[in-house]
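Single-letter residue listing:
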Amino acid sequence: TFLVKKSIKLNSDYKISHFQFKSFNGRTASFIFNDKKNNQKFFLKKFIHKDKGHLEIEITDIVKKKYDFLYKLKKENLISYNFYKLDNLNNFYLRDYIDGYTLLSYFKRSDDKNFKIIISNTLEYINKIIFLMRKNNLFYSLDLHLENFIIDNNEQINIIDLDLVYINLETKNYEINLITK
């Protein structure tokens, strides 16, 4: 935690406070912090290890692909949060922290009528993401856990966790790569 915080302080203009460890999944470590300078809260992910199924892909390439895909999602208004590249830290991903509810907790709070509407909106949202991926000949392994979607305070659905396997659909045997993930 200390080294990650120090890296951010040395390589950015953020005035960090309340730096907190959030999670570790074996490949990445996630953190939350406040920026005193702009009074803003951020989510930070540091990529530590390569995906065991795709050791030939460099972490910096994976992070670059993630940002490329996020730009496409933002352009199509499929995410409401902003994300930020850290110029000298190619193995970090930084985005706004999103206040709201996970889709799971949102489902639990809704009545039957609203549940049907939310399910319909969620499926339409996922369909738009998949269409965008297909249109751009990209495929990311979507991690479709209900906890990976946030309903923000404006009632907009946001996917917040994209698994980072990148497969170019124009390659010869892309189906095999999808299955082996």
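What this report covers is the structure whose coordinates are included nearby.

Thresholds applied
Along each chain, the written sequence defines residue order, and numbers are assigned to residues from 1. Only residues with pLDDT of at least 70 are given local features in this predicted model, and only at 80 or more are side-chain atom pairs given and counted; all residues enter the totals for whole chains, interfaces and linings. In computing side-chain values, all of the structure's heavy atoms are included and hydrogens and water are not. Under the scheme used here, helices are H or I runs from DSSP no shorter than 4 residues and strands are E runs no shorter than 2 residues, and both carry numbers assigned from the N terminus. Under the scheme applied here, a residue whose accessible area is under 20% of the maximum for its type counts as buried, over 50% as exposed, and between as partly exposed, the area being computed with a 1.4 Å probe on protein chains only. Accessible surface is estimated by sampling points in the Shrake-Rupley manner with a 1.4 Å probe; for residues, cover comes only from the protein chains shown. Think of a nonpolar core as a cluster: buried Ala, Val, Leu, Ile, Met, Phe, Trp, Tyr and Cys residues, connected wherever their side-chain atoms sit within 4.5 Å. Should any heavy atoms of two residues lie within 4.5 Å, those residues are considered in contact. The definition of a polar contact used here is a pair of N or O atoms within 3.5 Å, where within protein one atom must be able to donate a hydrogen and the other to accept one, and adjacent residues in sequence count solely through side-chain atom pairs. Here, a salt bridge means any side-chain nitrogen of Lys or Arg that lies within 4 Å of a carboxyl oxygen of Asp or Glu. Pairing between two strands is assigned when DSSP locates at least 2 bridges connecting them. In this description, a line fitted to the C-alpha atoms serves as the axis of each element, helices being fitted only across the stretch in contact, and the angle between N-to-C directions of two axes falls anywhere from 0 to 180 degrees. Each helix should span, by expectation, one fewer than its residue count multiplied by 1.5 Å. Here a patch means residues that are over 30% exposed by relative accessible area and free of salt bridges, tied together within 9 Å if like-charged and within 5 Å if nonpolar (Val, Leu, Ile, Met, Phe, Trp, Tyr).

### A few points about the overall build of the chain
Stage number 1. Along the backbone of the chain there are 5 helices and 10 strands.
Stage number 2. Among the 181 residues that make up the chain, the fraction classed as buried is 40%.
Stage number 3. Split by element, the accessible area of the chain, about 10800 Å² in all, is 49% carbon and sulfur.

### What about the nonpolar core?
Stage number 1. Judged by nonpolar contacts, the single largest core of 44 residues is most densely connected at Leu-44 and Leu-73.
Stage number 2. For Leu-73, the residues in contact, after removing those within four places along its chain, are Leu-78, Ile-79, Ile-129, Leu-132, Ile-159 and Leu-162.

### Let's talk about the side chain of Ser-110
Stage number 1. Relative to the helices and strands, Ser-110 is located in the loop between helix H3 (103–109) and helix H4 (112–135).
Stage number 2. Residue classification places Ser-110 among the buried positions, given a relative accessible area of 18%.
Stage number 3. Here Phe-107 takes part through its backbone oxygen, which lies 3.0 Å from a polar atom of the side chain of Ser-110.
Stage number 4. Ser-110 has contacts with Phe-115 and Ile-118, leaving out every residue within four places of it along the chain.

### A word on the pattern of salt bridges
Stage number 1. Scanning all chains against the criterion turns up 4 salt bridges.
Stage number 2. Among the ionic pairs, Lys-64 bridges to Asp-68, the shortest N-O distance being 3.1 Å. Highlighted residues: Lys-64 and Asp-68, both in helix H2 (residues 59–75), separated by 4 residues, approximately one helical turn.
Stage number 3. Note on Lys-64: relative accessible area 45%, which makes it partly exposed.
Stage number 4. Note on Asp-68: relative accessible area 24%, which makes it partly exposed.

### A word on the sheet that holds strand S8 (residues 149–152)
Strand pairing in a sheet relies on backbone hydrogen bonds. The paired strands run either parallel or antiparallel.
Stage number 1. If you trace the 3 strands from one edge of the open sheet to the other, you get S6-S8-S9, paired in antiparallel fashion. Where the open sheet ends on each side, the last strands, each with one partner, are strand S6 (100–102) and strand S9 (157–159). The mean angle between the axes of side-by-side strands here comes to 30°, regardless of whether they run parallel or antiparallel.
Stage number 2. Here S8 pairs with S9 via 3 bridges, running antiparallel. In the sheet register, Phe-149 faces S9, and the bridge partner there is Ile-159.

### Some words on H4
Stage number 1. Between its first and last C-alpha atoms H4 spans 34 Å; for 24 residues at 1.5 Å apiece the expected length is 34 Å, and the two agree.
Stage number 2. Between the side-chain oxygen at the start of H4 and the backbone nitrogen of Lys-113 there is a gap of 3.3 Å, and the oxygen is on Asp-111.

### Quick notes on the sheet that holds strand S4 (residues 83–84)
Stage number 1. Pairing in this open sheet of 5 strands is antiparallel, and the strands run S1-S2-S3-S5-S4 from one edge to the other. Among the strands making up the open sheet, the edge pair consists of strand S1 (16–24) and S4.
Stage number 2. Of the strand pairs in this sheet, S1 and strand S2 (residues 28–35) are connected by 6 bridges, and their pairing is antiparallel. The residue bridging Ser-23 from the neighbouring strand is Ser-30, located in S2.
Stage number 3. In this fold helix H1 (residues 2–11) packs onto S1, S2, strand S3 (40–47) and strand S5 (92–96), with an angle of close to 135° to the strand it touches most, S1.

### Let's talk about the pairing of S8
Stage number 1. The side-chain alternation of S8 yields two buried faces, one formed by Phe-149 and Ile-151 and the other by Ile-150 and Asp-152.
Stage number 2. Bridge count for S6 against S8 is 3 bridges, and the pairing is antiparallel. If you follow Thr-102 over to S8, its bridge partner there is Ile-150.

### Some words on a nonpolar patch on the surface
Stage number 1. A cluster of nonpolar side chains, contributed by Phe-21, Phe-24 and Ile-48, occupies part of the molecular surface with about 300 Å² of accessible area.
Stage number 2. Note on placement: Phe-21 falls in strand S1.
Stage number 3. Classification of Phe-21 by relative accessible area gives partly exposed; the value is 46%.

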